[in-house]
Amino acid sequence: MSKRQVSRIWVIRELCKKKYKSVRPTAVQIKAVIDEHGLNRYTTDGKKRSKEVITEAMQKAFASLR
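Residues numbered from 1 in each chain as written. Predicted model: local features only at pLDDT ≥ 70, side-chain atom pairs only at ≥ 80, totals over all residues. Heavy atoms only, no water.

**Digging into the pattern of salt bridges**
Tallying each qualifying case throughout the model produces 4 salt bridges. Across the salt bridge formed by glutamate 14 and lysine 17, the nearest N and O atoms sit 3.4 Å from each other. Taken together, the residues span about one helical turn, with glutamate 14 and lysine 17 both in helix H1 (residues 8–20) at a distance of 3 residues. Assessed through its relative accessible area of 36%, lysine 17 is described here as partly exposed. Across the pair lysine 31 and aspartate 35 runs a salt bridge, and its minimum N-O distance is 3.1 Å. (Salt bridge = Lys/Arg side-chain N within 4 Å of Asp/Glu carboxyl O. Helix = DSSP H or I, 4+ residues; strand = E, 2+ residues; numbered from the N terminus. Buried < 20%, exposed > 50% of the residue type's maximum accessible area, 1.4 Å probe, protein only.)

**Side note on the side chain of arginine 49**
Mapped onto the elements of the fold, arginine 49 is located in the loop between helix H2 (27–37) and helix H3 (51–65). The buried charged residue arginine 49 lacks any salt bridge partner; its closest oppositely charged side chain belongs to glutamate 56, at an N-O distance of 8.3 Å. Within the structure, arginine 49 has its side chain in polar contact with the backbone oxygen of asparagine 40 (distance 2.8 Å). Apart from the residues lying within four places of it in its own chain, the contact partners of arginine 49 are Gly38, Leu39, Asn40, Arg41, Tyr42, Thr43 and Ile54. (Lys, Arg positive; Asp, Glu negative; His and termini not counted. Polar contact = N/O pair within 3.5 Å; in protein donor to acceptor, adjacent residues only side chain to side chain. Contact = heavy atoms within 4.5 Å.)

**What about the nonpolar core?**
Among the nonpolar cores identified, the biggest contains 11 residues, and these are Val11, Ile12, Leu15, Cys16, Val33, Ile34, Leu39, Ile54, Ala57, Met58 and Ala61. Counting residues per element, the ones that place at least two in this core are H1, H2 and H3. When neighbours within four sequence positions are excluded, alanine 57 is seen to be in contact with His37, Gly38 and Leu39. (Core = buried A, V, L, I, M, F, W, Y, C linked by side-chain atoms within 4.5 Å.)

**Describing H3**
Between its first and last C-alpha, H3 extends 21 Å over 15 residues, near the 21 Å set by a 1.5 Å rise per residue. Considered for burial, the residues of H3 that qualify are Ile54, Ala57, Met58 and Ala61. Down the axis of H3, the smallest arc covering the buried residues is 105°, so these residues share one side. The exposed set on the far side of H3, more than 90 degrees from its buried face, consists of Glu52, Gln59 and Lys60. On its buried side, H3 packs onto H1 and H2. (Expected span 1.5 Å × (residues − 1). Arc of directions from axis to C-beta.)

See below:
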């Protein structure tokens, strides 16, 4: 299997497809998936999350796709 670059947006779209079975998810569906898997870029108080924390959340979300 070849290595490919996986973006945060791609993971979110694939999770939406898996959960809602829709090709074009709504903003509400996208927000629900982001909150469920912790894929947000900023904390609730407006601080930017570190790259390591986002990467770890992406790894868990990507693993749930399989």
